[in-house]
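# Summary of the model geometry
Chain by chain, the residues run as shown.
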Amino acid sequence: MPSENVIEADVLIIGGGIAGLFAAIKAREEGVSVILVEKGYTSRTGSSLFCGGFSLFNPEWGHKLDEWMSQIAKTGDYFNNPEWTEITLKNSYDIYKDLQSWGVPFTDRDGAPPHRRGVLEAIRYGPGRIFLPLMREQAEKVGVRIIDRIMVTDLIKQEGRITGAVGFHTGSDDFFIFQAKATVMCTGGGGLGGHDPIESRLGAYDGEGMAYRAGAEISGKEFSLTGVGPFSYMGTGYGYYGDRKDDTRISIKGKEIKPVPVGYHPNAIDKYVDTEGNKVNRYTAVSAVHTGRGPIFLNTDDATPQEISSVLEEIKHWAGDEIQESGVDLVKGNLYSGAARFETYLGHQIEGAGAGLWSADTRGSTSLPGLFAAGDCYNSRAVGAKYPGGGMGSRNAAVIGAIAGRSAAEYSTKVGSMAIDRGELDKLKSNVYAPVERPGGFDADWVTVQLKSIMIPYHMWMIKHGDRLKAGLTLVEFLKNHVAPMMYARPRNGHGLRIVHEVKGRILSVEMMLRSALFRTESRGVHYREDYPRRDDEKWLALVKIRESEGKMELVKEPLPEKWWPDLSIPYAERYPLEFLGEEPVRSST
Amino acid sequence: MAIERIDYDLCNGCGICVNSCWMDVISMDKKKEKAVIKYPEDCAVCGICESDCPVGAIHVSPRMRAYALTCWGQ
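What you see is a predicted model; the values in this text were computed from it and never measured. Note that residues are indexed from 1 along each chain, following the sequence as it is written. Ligands are numbered from 1 and chains lettered from A, in the order in which they are written. Note on the predicted model: pLDDT of at least 70 is required for a residue's local features to be given, and 80 or more for side-chain atom pairs to be given and counted; whole-chain, interface and lining totals, by contrast, use all residues. Hydrogen atoms and water are omitted, and side-chain values are computed over all heavy atoms in the structure.

### Some thoughts on the overall build of chain A
In DSSP terms, a helix is any run of H or I states spanning at least four residues, a strand is any run of E spanning at least two, and both are numbered starting from the N terminus. In terms of regular secondary structure, chain A is built from 19 helices and 21 strands. Three exposure classes are used, based on accessible area relative to the maximum for each residue type with a 1.4 Å probe and protein chains only: buried under 20%, partly exposed in between, and exposed over 50%. A buried classification covers 64% of the 590 residues belonging to chain A. The contact criterion used throughout is that any non-hydrogen atoms of two residues lie within 4.5 Å. Here the analysis covers contacts within chain A between residues at least 6 apart in sequence; of these, 72% occur between residues at least 24 apart.

What follows is the structure in structure tokens.
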């Protein structure tokens, strides 16, 4: 059996991205001892690596709190928590100053120092691979102890509170036991990527899985962000589809055209039109093809040759050789080649608020004492049912990370340390290493492909329907109950073990998504149900919470506080200007 | 495809790429004092190792690695 290491600290931080580093630095500044563990290498991990924008709310630039608050609420169909929204906006300047003092370079769109961004417009500070090492340096400078290549698999709960965690080293295979008075979960979101199993590597929903098993409540899963793309990197939310709304000149046809219903993304570029000449974006493209208005064309009518070539270069950069191999003529359009190749790029939860551990207050608490959380694994709802603008995910991760770190430090001074029960440890240890001991088993990459084949087609998660969600759930339950327990580690060491545990986490998370989506019998934000194509304010001004109850997943409706409701006296069509596909009859009659 | 090769004429054994990889694909060959591609099948094609390498020794193709999947392995 692998050797054991016991490590004690006041505060344990799980995850070394933006949220984890901020939590660690701020907790340490309170004078408590802090350990940060990371599955990869702190500063070279997670979606933090690829983020570039920082949403700075700056009154000196004429930014008005009311204006930002109202836009975020409207975009998110009133499902944000205005208290968290206000905190993330107001604290963004201090976080910006912190980062600057650690040497992080910020620029405006023109490359000059930040000077003029408007409402919900982000400044630049990425990519993360530039600024994350500076954050790591700062964490080490203030005395945070960082241990890389540790995959945490389970939280320890004793006497109703979280008192530590266990995991293993992916290189040495050693077992690690962490005894901590407070723990901050900063493990990020998750995703399923495109067709290839490898594309799922980034983001494994580790945190919500282990928190759920420890009894924590999870929420927001029906709003797990989606994108769509016929090619590997198209529509992933990164790069090409980022905040490039300045490019709209290329896309707009020379005549007035009617926007297609289900306009999901305020920042989506309008480069594409369906066969009837309707503008479509990465969300509405799916509806267009679904209703027989495909294929989708890249519209270049008004573009100069330079503009066309710059767009093509960018597409080639992200989509690589696949475009050429597919024989798609980019200049004529046909970029989306039809429903057969539509892929849901399953939520990376880049919202920095969208789904994950239930937020019990505005201090970074979860539903479990001793457990705090921040970043993409924390459902703070600083943004609502739809991501409102660039740079908010990383900004929210930083702001809430700092708050959760301070809260954890304060909590740790009020409770004692607790030795972890030996019997419990032996049980966990044997579960953790079981896939290494197995003589053979289901291959984790093969299982991933099965999971993708259920979830990736557009008709499962982009355009949902109760019948299809039930079918998906049946298959996912089979994977969870029958296949996942028989996966084996390939290779038979910590490296292979990590992949097995990640796949288990993804299956659990997908089950939460499907159950939440089935439960919410309405459409809202990025959650679109073909069989319930409208917001239902009578029944659904409520959140969905998931928790484990006697070994089963239990879903409960948590009413939204009335003070956060939209103004129900204004007509539906004004309350919700964005129209869902199929909503038209009810819309005009209301 | 994915991470394709590490050019040993250029690799100076600094080990930066080992930390660059969040999938733990690269490790050090202590005898040769060079970086080696240990788990090529897990390369996620993020390209960070290539951009972190101070001597340009790592080559990453933008395409995913194609390999056979086995349902049940041993």
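### Notes on the side chain of Ser523 of chain A
Residues and elements named next belong to chain A. Looking at the secondary structure, you find Ser523 in the loop between α16 (494–519) and α17 (537–540). Think of a polar contact as two N or O atoms within 3.5 Å of one another; within protein, one of them needs to be a possible hydrogen donor and the other a possible acceptor, and neighboring residues in sequence only count if both atoms come from side chains. Here Arg529 takes part through its backbone nitrogen, which lies 2.8 Å from a polar atom of the side chain of Ser523. Discounting residues that sit within four places of it in the chain, Ser523 has contacts with Tyr528, Arg529, Tyr532, Pro533, Arg534, Arg535 and Phe580.

### Some thoughts on empty space enclosed by the protein
Residues and elements named next belong to chain B. Note on definitions: the grid is 1 Å and covers protein atoms alone; a cavity is a set of points where a 1.4 Å probe fits but cannot get out; a pocket is an open set with protein on both sides within 12 Å along at least five of seven lines; lining residues have an atom within 4 Å of a point. Grid points are joined across faces, edges and corners, and a volume is the space filled by probe spheres set on the points. A complete count under the given rule lists seven cavities of 30 Å³ or more for this structure. Volume-wise, the largest cavity comes out at about 120 Å³. Around the largest cavity sit 15 residues that line it, and Cys21, Cys43, Ala44, Cys46 and Cys49 are the ones nearest its centre. Residue composition of the lining of the largest cavity, grouped by class: 13 nonpolar, two polar and no charged. As a working rule, the residues Ala, Val, Leu, Ile, Met, Phe, Trp, Tyr, Cys and Pro are called nonpolar, Asp, Glu, Lys and Arg charged, and the rest polar, with Gly in that last group.

### Section: the sheet that holds strand β19 (residues 487–488) of chain A
Sheet architecture is open: three strands sit in the order β19(A)-β18(A)-β5(B), paired in mixed fashion. This sheet does not close on itself; its edge strands, each paired only once, are β19 of chain A together with β5 (72–73) of chain B. Two strands are counted as paired when DSSP detects at least two bridges linking them. Relative to β19 of chain A, strand β18 (residues 441–443) of chain A is paired through two bridges, and the arrangement is parallel. Bridge pairing in β19 of chain A links Asp443 of chain A to Tyr488 of chain A.

### Quick notes on the packing of aromatic side chains
Residue and element names in this part refer to chain A. Each aromatic pair joins two rings of Phe, Tyr and Trp (for Trp, the six-membered one) with centres within 6.5 Å, and gets the label stacked for planes under 30 degrees apart, edge-to-face for over 60, and tilted for any other angle. Summed over all chains, the structure comprises 21 aromatic pairs over all chains. Seen from their ring centres, Phe54 and Tyr125 are 5.2 Å apart, and the 65 degrees between their planes marks the pair as edge-to-face. Remark: Tyr125 occurs in the loop between β4 (123–124) and α5 (128–142) and Phe54 occurs in strand β3 (residues 53–54); sequence separation between them is 71 residues. Judged by relative accessible area, Tyr125 falls into the buried class, the value being 3%. Here the aromatic residues Phe54, Tyr93, Tyr96, Phe106, Tyr125 and Phe131 are joined through ring pairs into a cluster of three or more. Over a ring means this: the NZ of a Lys or the CZ of an Arg is within 6 Å of the ring centre and within 35 degrees of the ring normal. Cation over ring: Arg534 sits above Tyr572, and NZ or CZ is 4.4 Å from the ring centre. Stacked on the ring of Trp358, the Lys or Arg Lys545 has its end atom at 4.3 Å from the ring centre.

### Observations concerning unusual backbone geometry
All names here are of chain A. Along the chain, Arg490 connects to Pro491 via a cis peptide bond; the corresponding omega equals -5 degrees. Following the sequence through the fold, Pro491 ends up in the loop between β19 and α16. Its identity as a non-glycine residue notwithstanding, Ser43 has a phi of 100 degrees, on the positive side. Assignment of secondary structure puts Ser43 in the loop between β2 (34–38) and β3. The backbone phi angle of Asp77 is positive, close to 50 degrees, even though this residue is not glycine. Here Asp77 shows up in the loop between α2 (65–75) and α3 (82–90).

### Some remarks on the layout of surface pockets
Residue and element names in this part refer to chain A. Taken as a whole, the second largest pocket encloses approximately 820 Å³ of empty space. Around the second largest pocket sit 28 residues that line it, and Thr153, Asp154, Arg213, Asn431 and Lys504 are the ones nearest its centre. Listing elements by their share of the lining of the second largest pocket, those giving two or more residues are β6 (150–158), α6 (206–213), α12 (422–437) and α16. Top contributing element to the lining of the second largest pocket by residue count: β6, with six residues. Broken down by class, the residue content of the lining of the second largest pocket amounts to twelve nonpolar, six polar and ten charged.

### Focus on α5 of chain A
Residues and elements named next belong to chain A. Under the 1.5 Å per step criterion, the end-to-end length of α5 is 21 Å for 15 residues, consistent within 8% with the ideal 21 Å. Against the buried residues of α5 lie α1 (18–29), α4 (92–101) and β5 (145–148). Once α5 finishes, Gly143 follows within two positions and takes phi at roughly 100 degrees, a positive value. To estimate the expected span of a helix, subtract one from its residue number and multiply by 1.5 Å.

### Overview of the packing of α2 of chain A against α3 of chain A
Axis angle and axis distance: for two packed helices, these are the angle between their axes and the distance between the axes, and together they describe the pair. Residues and elements named next belong to chain A. Between α2 and α3, the shortest axis-to-axis distance is 11 Å and the interhelical angle comes to 130 degrees. Accordingly, the angle class assigned to the pair α2 and α3 is oblique. Judged by the sense of rotation from one axis to the other, the crossing of α2 with α3 is right-handed. Where α2 approaches α3, its residues Leu65, Trp68, Met69 and Ile72 are matched on the opposing element by Pro82, Thr85, Glu86, Leu89 and Lys90. Residue classes in the contact of α2 with α3 are distributed as six nonpolar, one polar and two charged. Here an angle of 0 to 180 degrees is reported between the N-to-C directions of two axes, which are lines fitted to C-alpha atoms, with helices fitted over the stretch in contact. Relative orientations are named as follows: roughly parallel for angles under 35 degrees, roughly antiparallel for angles over 145 degrees, roughly perpendicular for angles from 65 to 115 degrees, and oblique for any other angle. Left-handed is the label given to a crossing in which the near helix is rotated counterclockwise from the far helix by less than a right angle, and right-handed is the label when the rotation is clockwise.

### Some thoughts on the sheet that holds strand β21 (residues 552–559) of chain A
Sheets are built from strands that pair by backbone hydrogen bonding, the pairs being arranged parallel or antiparallel. All names here are of chain A. In spatial order, the strands read β17-β15-β9-β20-β21; together these five strands make up an open sheet with mixed pairing. Strand pairing shows two members of the sheet lacking a second neighbour, β17 (378–379) and β21, which therefore form its edges. Bridge count between strand β9 (residues 218–219) and strand β20 (residues 542–549): two bridges; the pairing is antiparallel. Bridge pairing links Ser219 to Lys545 in β20.

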